[in-house]
Amino acid sequence: QVELTESGGGLVQAGGSLRLSCVDSGRTLSAYSMGWFRRTPGKEREFVAAINWSGEGTDYADSAKGRFTISRDNAKNTLYLQMNSLKPEDTAVYYCAAGYCSGSGCHVTQGYGAWGQGTQVTVSS
């Protein structure tokens, strides 16, 4: 069973970097496609990035391209999101998710069956 826990959020100035981590304590992460989503108050969860089970396939929202990098270490049951050149509009709660989605199916919340509790990222101007 997948049990996801995010960490690495915090307060950072615009232009700074953060690396988020998502650990699967159920140790089954290698079986799933994984994604990162984010949510701001009053809005639905928004797709940020996705990665296939092997780590060889990645996909990004336009807002993340060129600044964020998703990666995974299946041996450590851990998913990462390296975020560089952060902007105030990146402020949100970030969630990791696991599922059996593929392609564009990984861009929507319905593609995932398990979610972490979220970690707050705040970017000050």
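Residues numbered from 1 in each chain as written. Predicted model: local features only at pLDDT ≥ 70, side-chain atom pairs only at ≥ 80, totals over all residues. Heavy atoms only, no water.

Undergrad: How should I be thinking about the overall build of the protein in this particular structure?
TA: Scanning the protein from N- to C-terminus turns up 0 helices and 11 strands. For the protein, the sequential pattern of α-helices and β-strands runs β-β-β-β-β-β-β-β-β-β-β. Judged by the C-alpha coordinates and their principal axes, the protein covers about 40 × 25 × 25 Å. Relative to its full complement of 125 residues, the protein shows a buried share of 44%. Summarising the internal contacts of the protein: among those between residues at least 6 apart in sequence, 57% fall at separations of at least 24. Total accessible area on the protein is roughly 6,300 Å²; 46% of this is exposed by carbon and sulfur atoms. The protein carries 11 positive and 11 negative side-chain charges, and their two centres are separated by 3 Å. (Helix = DSSP H or I, 4+ residues; strand = E, 2+ residues; numbered from the N terminus. Buried < 20%, exposed > 50% of the residue type's maximum accessible area, 1.4 Å probe, protein only. Contact = heavy atoms within 4.5 Å. Areas by Shrake-Rupley, 256 points an atom, 1.4 Å probe, with all protein chains shown as cover. Lys, Arg positive; Asp, Glu negative; His and termini not counted. Charge placed at Lys NZ, Arg CZ, Asp CG, Glu CD.)

Undergrad: What exactly am I supposed to notice about the state of the cysteines here?
TA: Defined simply, a disulfide is a covalent bond joining two cysteines at their sulfur atoms. Applying the stated criterion across every chain, the model contains 2 disulfides. The disulfide bridge from Cys-22 ends at Cys-96, spanning 2.0 Å between sulfur atoms. Taking the torsion about the S-S bond as the criterion, the Cys-22 to Cys-96 disulfide, at about 60°, is right-handed. Separated by 74 residues along the polypeptide, Cys-22 in strand 3 (residues 18–24) and Cys-96 in strand 9 (residues 92–99) bring together distant segments of the chain. (Disulfide = S-S within 2.5 Å.)

Undergrad: Help me understand the packing of aromatic side chains in this model?
TA: The geometry of an aromatic ring pair is captured by the separation of the ring centres together with the interplanar angle, meaning the angle of the planes. Within the structure shown, the criterion is met by 5 aromatic pairs. Pairing Phe-37 with Tyr-112 gives two aromatic rings, centres 5.4 Å apart and planes at 80°, and the pair type is edge-to-face. Note that Phe-37 is positioned in strand 4 (residues 33–39) and Tyr-112 in the loop between strand 9 and strand 10 (114–115), a separation of 75 residues in sequence. Each member of the pair, Phe-37 as well as Tyr-112, is classed as buried. Summarising the aromatic geometry, the rings of Tyr-112 and Trp-115 are spaced 5.9 Å apart at their centres and angled 65° between planes, so their arrangement reads as edge-to-face. Residue classification places Tyr-112 among the buried positions, given a relative accessible area of 7%. Chaining the aromatic ring pairs together yields one cluster made of Phe-37, Phe-47, Tyr-112 and Trp-115. The ring of Tyr-95 carries Arg-45 above its face, with NZ or CZ at 3.8 Å from the centroid. Across from the ring centre of Trp-115, 4.6 Å away, lies the NZ or CZ of Arg-45, which sits over that ring. (Phe/Tyr/Trp six-rings, centres within 6.5 Å; stacked < 30°, edge-to-face > 60°. Lys NZ or Arg CZ within 6 Å of the ring centre and 35° of its normal.)

Undergrad: Hey, could you run me through the pattern of salt bridges in this one?
TA: Applying the stated criterion to the full structure yields 4 salt bridges. Across the pair Asp-90 and Arg-38 runs a salt bridge whose closest N-O atoms are separated by 2.9 Å. Note that Asp-90 is positioned in the loop between strand 8 (78–83) and strand 9 and Arg-38 in strand 4, a separation of 52 residues in sequence. With respect to burial, Asp-90 and Arg-38 carry one shared label: buried. Its salt-bridge partner being Lys-65, residue Asp-62 comes within 3.3 Å of it at the nearest N-O pair. Within the structure, one salt-bridge network assembled from shared partners comprises Arg-38, Glu-46, Arg-67 and Asp-90. (Salt bridge = Lys/Arg side-chain N within 4 Å of Asp/Glu carboxyl O.)

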